Amino acid sequence: MTGLNEKSLKEQVRIEYSVVYAHPTNHVGYYPGAAPIQFKLIYDKSDGRVLGAQAVGEAGVERRIDVISMAIQMHATVFDLEESELCYAPQYGAAKDPVNVIGMIAANEMRGDLSITHWNKMGSG
């Protein structure tokens, strides 16, 4: 993980944040050994500034968290993540890296291109 988590943000009521999730693979699916990464991104709803991220997976997680860590330090936004130029090689990452994917989901939500129903907001039954 890097940056702020939801628990710390709930204590800071002045920040209105949003959370998105993605489950891409660590590299292209046609290359042997592709494994999923469970990715969570937290960002400021007012301007899209990246606040934190958490990820779990078998391979390539540290590289993605390092990218998000630098994005936080540079005050980058979800729009910057979706446009980031990251290493492409089939055995290491896809043309649209997991960082790009999570950035696209957040940017699409911010632009109003899609609405997300979060799992914890869904009613039972």
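In the block above lies the structure referred to throughout.
Residues numbered from 1 in each chain as written. Predicted model: local features only at pLDDT ≥ 70, side-chain atom pairs only at ≥ 80, totals over all residues. Heavy atoms only, no water.

1. Examining helix 4 (residues 98-111)
Our working rule: The way it works is that DSSP assigns letters per residue, a run of H or I at least four long becomes a helix, a run of E at least two long becomes a strand, and they are numbered from the N terminus. Working rule for helices: expected span equals 1.5 Å times residues minus one. When a residue's accessible area, from a 1.4 Å probe over protein chains only, is under 20% of the maximum for its type it is buried; when over 50% it is exposed; and in between it is partly exposed. Any two residues having at least one pair of non-hydrogen atoms within 4.5 Å are treated as being in contact. Within 3.5 Å is the distance limit for a polar contact, defined as a pair of N or O atoms, with the added protein rule that one can donate a hydrogen and the other accept it, and that residues adjacent in sequence qualify only through two side-chain atoms.
The terminal C-alpha atoms of helix 4, which comprises 14 residues, lie 20 Å apart, in line with the 20 Å expected from a rise of 1.5 Å per residue. Buried within helix 4 are the following residues: Pro98, Val99, Asn100, Ile102, Gly103, Ala106, Ala107 and Glu109. Against the buried residues of helix 4 lie strand 2 (17-22), strand 3 (37-44), helix 2 (61-73) and helix 3 (78-83). The N-capping residue of helix 4, defined by a side-chain oxygen 3.0 Å from the backbone nitrogen of Val99, is Asp97. Backbone geometry just downstream of helix 4 places Gly112 in the positive-phi region, at approximately 85°.

2. Points about the environment of Ile65
Locating Ile65 in the fold gives a position in helix 2. Beyond its immediate sequence surroundings of up to four residues, Ile65 is in contact with Met1, Thr2, Ala53, Gln54 and Ala55.

3. Quick look at the sheet that holds strand 3
The criterion, for reference: The pairing criterion for strands is at least two bridges between them, as found by DSSP.
With respect to topology, 4 strands assemble into an open sheet ordered 1-4-3-2, the strand pairing being antiparallel. Taken across any chain shown, the strands that pair with only one partner, and hence form the sheet edges, are strand 1 (2-3) and strand 2. Inspection of the sheet shows strand 3 paired to strand 4 (residues 50-57) by 7 bridges, in the antiparallel sense. Within strand 4, the position partnered with Phe39 by the bridge is Ala55.

4. Things to note about a nonpolar patch on the surface
Note the threshold: Patch membership requires over 30% relative accessible area and the absence of a salt bridge. Like charges are linked within 9 Å, and nonpolar side chains (Val, Leu, Ile, Met, Phe, Trp, Tyr) within 5 Å. In short, Shrake-Rupley with a 1.4 Å probe defines the accessible areas, and a residue's cover is counted only from the protein chains shown. Here a salt bridge means any side-chain nitrogen of Lys or Arg lying within 4 Å of a carboxyl oxygen belonging to Asp or Glu.
Together, Tyr30, Tyr31 and Tyr88 line one region of the surface with nonpolar side chains, adding up to about 370 Å² of accessible area. Structurally, the position occupied by Tyr30 is in the loop between strand 2 and strand 3. Judged by relative accessible area, which is 61%, Tyr30 ranks as exposed.

5. Points about the pattern of salt bridges
For side chains of opposite charge, pairing can occur when their charged atoms come near one another. Going through the model one piece at a time under the given rule, you end up with 7 salt bridges. The shortest N-O distance in the salt bridge between Glu6 and Lys40 comes to 2.7 Å. In this pair, Glu6 is assigned in helix 1 (residues 6-11) and Lys40 in strand 3, connecting sequence segments 34 residues apart. Glu82 is the salt-bridge partner of Arg111, the closest N and O atoms lying 3.0 Å from each other. In this pair, Arg111 sits in helix 4 while Glu82 sits in helix 3, placing the two residues 29 residues apart along the sequence. The class of Glu82 is buried, set by a relative accessible area of 11%. It is possible to trace a salt-bridge network through shared partners that takes in Arg63, Arg64 and Asp97.

6. Quick word on the pairing of strand 3
Counting buried positions along strand 3 yields 7 of 8 residues, so the element is predominantly enclosed. Linkage of strand 3 to strand 4, two consecutive antiparallel strands, is achieved through a turn of 5 residues, within which Gly48 is found at a positive phi near 80°.

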